[in-house]
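Observations on the three-dimensional arrangement
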Amino acid sequence: MVTASFTGFIRTILIIIAVYYLLRFLMRLFAPILVQQMVKKAEQNFNNMNQQYNQQAQQQQYQSQRQQETTKEVPKEKKKVGEYIDFEELD
């Protein structure tokens, strides 16, 4: 059976602290790069979605214009019911 020693405990604590500071240092180096890549990817996704939306809107507008052209109604003639009389009030 192995017994724990004080020097082994201190060594373990120092290794944990060294790993913590190493990870902290590496994150300061690589975090901006990772965030920049994530932002670029999000921008690409947004542009793709916007482009698809614009294409769909144009297609719908084109289809509605064609539909309106094909279904133009002939305006009905209004019936003429006598002539217009302008009444004036008397004081």
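Here the structure is a predicted model, which means the values were calculated and not measured.

So, how was this worked out
Residues numbered from 1 in each chain as written. Predicted model: local features only at pLDDT ≥ 70, side-chain atom pairs only at ≥ 80, totals over all residues. Heavy atoms only, no water. Helix = DSSP H or I, 4+ residues; strand = E, 2+ residues; numbered from the N terminus. Rg over C-alpha atoms; globule rule 2.2 N^0.38 Å. Buried < 20%, exposed > 50% of the residue type's maximum accessible area, 1.4 Å probe, protein only. Areas by Shrake-Rupley, 256 points an atom, 1.4 Å probe, with all protein chains shown as cover. UniProt positions renumbered as here; feature names shortened; annotations may be inferred. Expected span 1.5 Å × (residues − 1). Bend = angle between axes of the 7 residues up to and from the residue. Patch = residues over 30% accessible without salt bridge, like charges linked within 9 Å, V, L, I, M, F, W, Y side chains within 5 Å. Salt bridge = Lys/Arg side-chain N within 4 Å of Asp/Glu carboxyl O.

**A few points about the overall build of the protein**
Helix and strand counts for the protein stand at one helix and zero strands. Taken over C-alpha atoms, the radius of gyration comes to 39 Å for the protein, far larger than the 12 Å a tight globule of 91 residues would show. Across its three principal axes, the protein shows a C-alpha extent of roughly 120 × 50 × 30 Å. When each of the 91 residues of the protein is scored for burial, the buried share is 0%. Surface exposure of the protein reaches about 10300 Å², of which carbon and sulfur atoms provide 58%.

**What to know about the UniProt feature "transmembrane region" (unreviewed entry) in the protein**
The UniProt record annotates "transmembrane region" (unreviewed entry) at residues 6–23. Counted over residues 6–23, helix gives 100% and strand 0%. Its end C-alpha atoms are 26 Å apart.

**A short note on helix α1 (residues 6–70)**
Relative to the 96 Å expected for 65 residues at 1.5 Å per residue, α1 spans 92 Å between its end C-alpha atoms, a close match to the ideal helical length. Most pronounced at Phe30, the bend in α1 amounts to some 40 degrees, and the proline Pro32 follows within four residues.

**Details of a nonpolar patch on the surface**
The grouping of Ile15, Val19, Leu22, Leu23, Phe25, Leu26, Leu29, Phe30, Ile33 and Leu34 at the surface amounts to a nonpolar patch, some 910 Å² of accessible area in total. With respect to the secondary-structure elements, Phe30 resides in helix α1.

**So, the environment of Lys78**
Its place among the elements puts Lys78 in the segment after α1. Overall, Lys78 belongs to the exposed group, its relative accessible area being 78%. For the pair Lys78 and Thr3, spaced 75 residues apart in sequence, the C-alpha separation works out to 109 Å.

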